[in-house]
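Residue strings, one per chain:
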Amino acid sequence: MLASASVVDDAQEVHTVVPTEMGDLHGILRVPDGTPLPGLVLVDGSGDGDRNAWGGRPIWLADAGAVVLRHDKPGCGGSPGDWMAQTLHDRARETLDAVRTLRGRPATANQPVGLYGVSQGGWVAMLAAMLEPSAVDFVIVQSTPATTPAAQERDRLERALRREGFEGHRLETAMAWVDERARLVTSDVPIADVLAVQRTHAREPWYAATLHPYDDAPSLRFLRGMLDFDPADVLPYVRCPMLVLLGAADPIIPVRASIEGYSRLLPPNASSGAAVLPDADHGLFVAEPIEGVDRRAQLAPGYLPIVASFLAEQRR
């Protein structure tokens, strides 16, 4: 169902919907000149996900040679549902609904359709490719750890604590609680009990630094459904070409452990590969935003050429 269309930057953007189990999610389809081209469904990371909150990335990826579809997470951007009620498998099935929506467009006629997952969205993309191999022709993941979410969170929190000056016994005590909380969250202990145990640490100097996003029942229920997900259980079943893009200066994920993991787990085909971009952060930028400076100019220099080359290889 098309609601409106506009021409921006030599490309046409049309509003559409993605029919899902939670209802019709609002989406935007970006169609560059020169179609048909490979289709690319954007898969958002953690937190809220609004179709209008992708910044310039849909434009950059369309310019790299793709018809790009982004859509709301359930409960965001005026769409129905609640993304916090979803597991990673639920998100993967929603992503497959978006693939079907994009595959039916003339702009992708007879072309492959793949996924572009950012951070947590990369795990979702892997799952979707495993669940329906015939539906997903390729996968690109950006800033996605090759570890469990629990391991990624442990690394993130330890680095955050070190930045705040915690070391020695205080750091060990804080990390012991991080480990214990992960055990409790992934067990069958009632969520209310987990929160009660957490509050017993409220006077600790490190308490605030370890709190978010573990500070309320809905967040803990959401985390319970995903903390023990392991890419090592999924990637051996992903057979389509897969491109992994990591930033060497990413402060959020364990980069070294992810490089090692992907070197073992990437699909065994000649079209798959990984790139670690020097000085790049979680968004693959090499500089903080500066007023008056085009954000695209602050992307890691190799990022878009690598994506464009990979997309060109997928074309039929």
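Nothing here was measured: the structure is a model prediction, and the numbers come from that model.

### Let's talk about the overall build of the protein chain
Secondary structure summary: the protein chain contains 9 helices and 9 strands in total. Its C-alpha radius of gyration of 20 Å places the protein chain within 12% of the 20 Å reference for a compact globule of 316 residues. In terms of overall dimensions, the protein chain has a C-alpha envelope of 60 × 45 × 40 Å along the principal axes. Among the 316 residues that make up the protein chain, the fraction classed as buried is 52%. Accessible area for the protein chain stands at about 13900 Å²; split by element, carbon and sulfur atoms hold 52% of it. Charge separation in the protein chain, taken as the distance between the mean sites of 29 positive and 41 negative side-chain charges, equals 2 Å.

### What about the packing of helix α2 (residues 88-103) against helix α3 (residues 120-131)?
For the pair α2 and α3, the least separation of the axes is 8 Å and the interaxial angle reads 70 degrees. By the angle between their directions, the pair α2 and α3 is classed as roughly perpendicular. The handedness of the crossing between α2 and α3 is right-handed. In this structure, α2 contributes L88, H89, R91, A92, T95 and L96 to the contact, and α3 contributes Q120, G121, W123, V124, L127, A128 and L131. Residue composition of the contact of α2 with α3, grouped by class: 8 nonpolar, 4 polar and 1 charged.

### What about the packing of aromatic side chains?
Taken as a whole, this structure holds 4 aromatic pairs when the rule is applied. Between W83 and F222 the ring centres are 5.3 Å apart and the planes differ by 85 degrees, which places this aromatic pair in the edge-to-face class. Here W83 is found in the loop between β5 (67-71) and α2, whereas its partner F222 is found in helix α7 (residues 217-224), with 139 residues between them in sequence. Measuring from ring centre to ring centre gives 5.9 Å for W123 and F229, while their planes differ by 55 degrees; the resulting arrangement is tilted. Of this pair, W123 sits in helix α3 while F229 sits in the loop between α7 and β8 (242-247), and the two are 106 residues apart along the sequence. Note on accessibility: W123 and F229 belong to one class, buried. Over the ring of W83 we find K73, and its NZ or CZ is 4.7 Å from the ring centre. One residue, R295, lies across the ring of F285, its end atom 3.6 Å from the ring centre.

### Observations regarding the confidence of the model for the protein chain
For the protein chain, the mean per-residue pLDDT works out to 94, and 97% of the residues sit at or above 70. Across residues 1-8 the pLDDT falls below 50, and counting only partners more than four positions away or on other chains, this stretch makes 18 contacts in the model.

How each quantity is defined
Residues numbered from 1 in each chain as written. Predicted model: local features only at pLDDT ≥ 70, side-chain atom pairs only at ≥ 80, totals over all residues. Heavy atoms only, no water. Helix = DSSP H or I, 4+ residues; strand = E, 2+ residues; numbered from the N terminus. Rg over C-alpha atoms; globule rule 2.2 N^0.38 Å. Buried < 20%, exposed > 50% of the residue type's maximum accessible area, 1.4 Å probe, protein only. Areas by Shrake-Rupley, 256 points an atom, 1.4 Å probe, with all protein chains shown as cover. Lys, Arg positive; Asp, Glu negative; His and termini not counted. Charge placed at Lys NZ, Arg CZ, Asp CG, Glu CD. Axes fitted to C-alpha atoms, helices over the stretch in contact; angles between N-to-C directions. Parallel < 35°, antiparallel > 145°, perpendicular 65-115°, else oblique. Left-handed = near helix turned anticlockwise from the far one by under 90°. Contact = heavy atoms within 4.5 Å. Nonpolar A, V, L, I, M, F, W, Y, C, P; charged D, E, K, R; others polar. Phe/Tyr/Trp six-rings, centres within 6.5 Å; stacked < 30°, edge-to-face > 60°. Lys NZ or Arg CZ within 6 Å of the ring centre and 35° of its normal. pLDDT = per-residue confidence, 0-100.

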